[in-house]
Amino acid sequence: MTVTIPDWTGQVADEQPYPLVFATVSGAHLYGFASVDSDVDLRGAHLLPAEELVGLRHGPETINHIGDRHGVELDLVTHDLAKCARLLLGRSGDVLEQVTSPLVVRTSPLHAELLALVPGCLNAGYADHYLGFSISSEKLFASTGKLKPALYLLRVLATGLHLMRTGEVVADLNLLHEDAKLPYVPDLIAAKRQGEHRRLGVDAGLPDPEQILADTYRLRERLREAKAATGLPASPTAHDALHDLIVRARLAGH
């Protein structure tokens, strides 16, 4: 399915106070199950100038903005390039998915260099991010039984499992559900587009909460096994290369 990103996301990116290394769309649009009224999660990295780092006044490492554009809720978060790199090295699956998102709103030569260094950031420890995220997602789903948290729960486990098995970052559940043995996912996604706050176990043809939880436990165990068997290194190898990239970018004032 083709993902439609509002035209105004580029305008929002261009309004930011610092040069952007990249701006991409994350959230439900990236995960492959956005509804017509889904929020737009715009994520990126900005580059603080050297003069806002070497003196007494420091620029913001993170910029957050929640607003509304044309009736659609917008959630914007950008990190300074150095913080973005630290998060990549620190096994933040969120930032990893944002850097590699195919839903690119703004890019740059620095973004291309950063993408080239992503393989050196990947390591077995990323499994812990997805396992931890799945636990908090399971609690939300168990307390509500709703369709939306069910999809988020399955998506995070399928992404982590695929990463450990292949070394590839794929966040779209449409591309993951077959390997994860979740044949009902297309029906869940179609149902979410009609109303994301629906409860499972009510509509015919959709799995009940017990099925979602059974698959959660199965995928979580597969993810633990995949971590133990992964070909990814135990630690990231791109630390020095990322340091050099940030220093060059900062001194050049890009």
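Refer to the structure presented above.
Small disclaimer: the values here were computed from a predicted structure and weren't measured.

## Looking at the sheet that holds strand β1 (residues 20-26)
Taken in spatial order, the five strands make up an open sheet running β3-β4-β2-β1-β5, and their pairing is mixed. The open sheet has two free edges, formed respectively by β3 (62-69) and β5 (104-106), since each of these has just one partner strand. Across the sheet, the mean angle separating the axes of adjacent strands is 20° when strand polarity is ignored. Bridge analysis of β3 against strand β4 (residues 72-80) gives eight bridges, and the strand direction is antiparallel. Within β4, the residue paired with Ile 63 across the bridge is Thr 78. In the packing of helix α3 (residues 81-89) onto the sheet, the strands contacted are β1, β2 (40-46), β3 and β4, and the crossing angle to β4 comes to about 90°.

## So, the environment of Val 21
Along the polypeptide, Val 21 turns up in strand β1. Exposure remark for Val 21: the relative accessible area of 1% places this residue in the buried category. Distance in space between the C-alpha atoms of Val 21 and Asp 80 is 8.9 Å, their sequence separation being 59 residues. Ignoring sequence-local partners within four residues, the contact set of Val 21 consists of Ala 45, His 46, Leu 47, Leu 81, Thr 107, Ser 108, Leu 110 and His 111.

## Remarks on the packing of helix α4 (residues 93-100) against helix α6 (residues 126-144)
As a packed pair, α4 and α6 sit with axes 9 Å apart at the nearest point and diverge in direction by 110°. Between α4 and α6, the interaxial angle falls into the category roughly perpendicular. Judged by residue contacts, Gly 93, Asp 94, Leu 96 and Glu 97 of α4 engage Tyr 126, His 129, Tyr 130 and Phe 133 from α6. Its residues placed into classes, the contact of α4 with α6 shows four nonpolar, two polar and two charged.

## Let's talk about the packing of aromatic side chains
All chains considered together, the criterion is met by three aromatic pairs. On the basis of an interplanar angle of 90° and a centroid distance of 5.5 Å, the ring pair of Tyr 31 and Tyr 152 is categorised as edge-to-face. Here Tyr 152 lies in helix α7 (residues 147-166) and Tyr 31 lies in helix α2 (residues 27-31), a separation of 121 residues in the sequence. Judged by its relative accessible area of 6%, Tyr 31 is buried. Above the face of the Tyr 31 ring, Arg 155 is positioned so that its terminal group lies 3.9 Å from the ring centre.

## Here we look at unusual backbone geometry
Negative phi characterises most residues that are not glycine, and trans characterises most peptide bonds. Here His 70, not a glycine, exhibits a phi torsion of approximately 55°, which is positive. Tracing the chain through its elements places His 70 in the loop between β3 and β4. You can call His 70 exposed: its relative accessible area is 68%. Unlike most non-glycine residues, Arg 91 shows phi in positive territory, near 70°. Structurally, Arg 91 is set in the loop between α3 and α4.

Conventions used here
Residues numbered from 1 in each chain as written. Predicted model: local features only at pLDDT ≥ 70, side-chain atom pairs only at ≥ 80, totals over all residues. Heavy atoms only, no water. Pairing = 2+ DSSP bridges. Helix = DSSP H or I, 4+ residues; strand = E, 2+ residues; numbered from the N terminus. Axes fitted to C-alpha atoms, helices over the stretch in contact; angles between N-to-C directions. Contact = heavy atoms within 4.5 Å. Buried < 20%, exposed > 50% of the residue type's maximum accessible area, 1.4 Å probe, protein only. Parallel < 35°, antiparallel > 145°, perpendicular 65-115°, else oblique. Nonpolar A, V, L, I, M, F, W, Y, C, P; charged D, E, K, R; others polar. Phe/Tyr/Trp six-rings, centres within 6.5 Å; stacked < 30°, edge-to-face > 60°. Lys NZ or Arg CZ within 6 Å of the ring centre and 35° of its normal.

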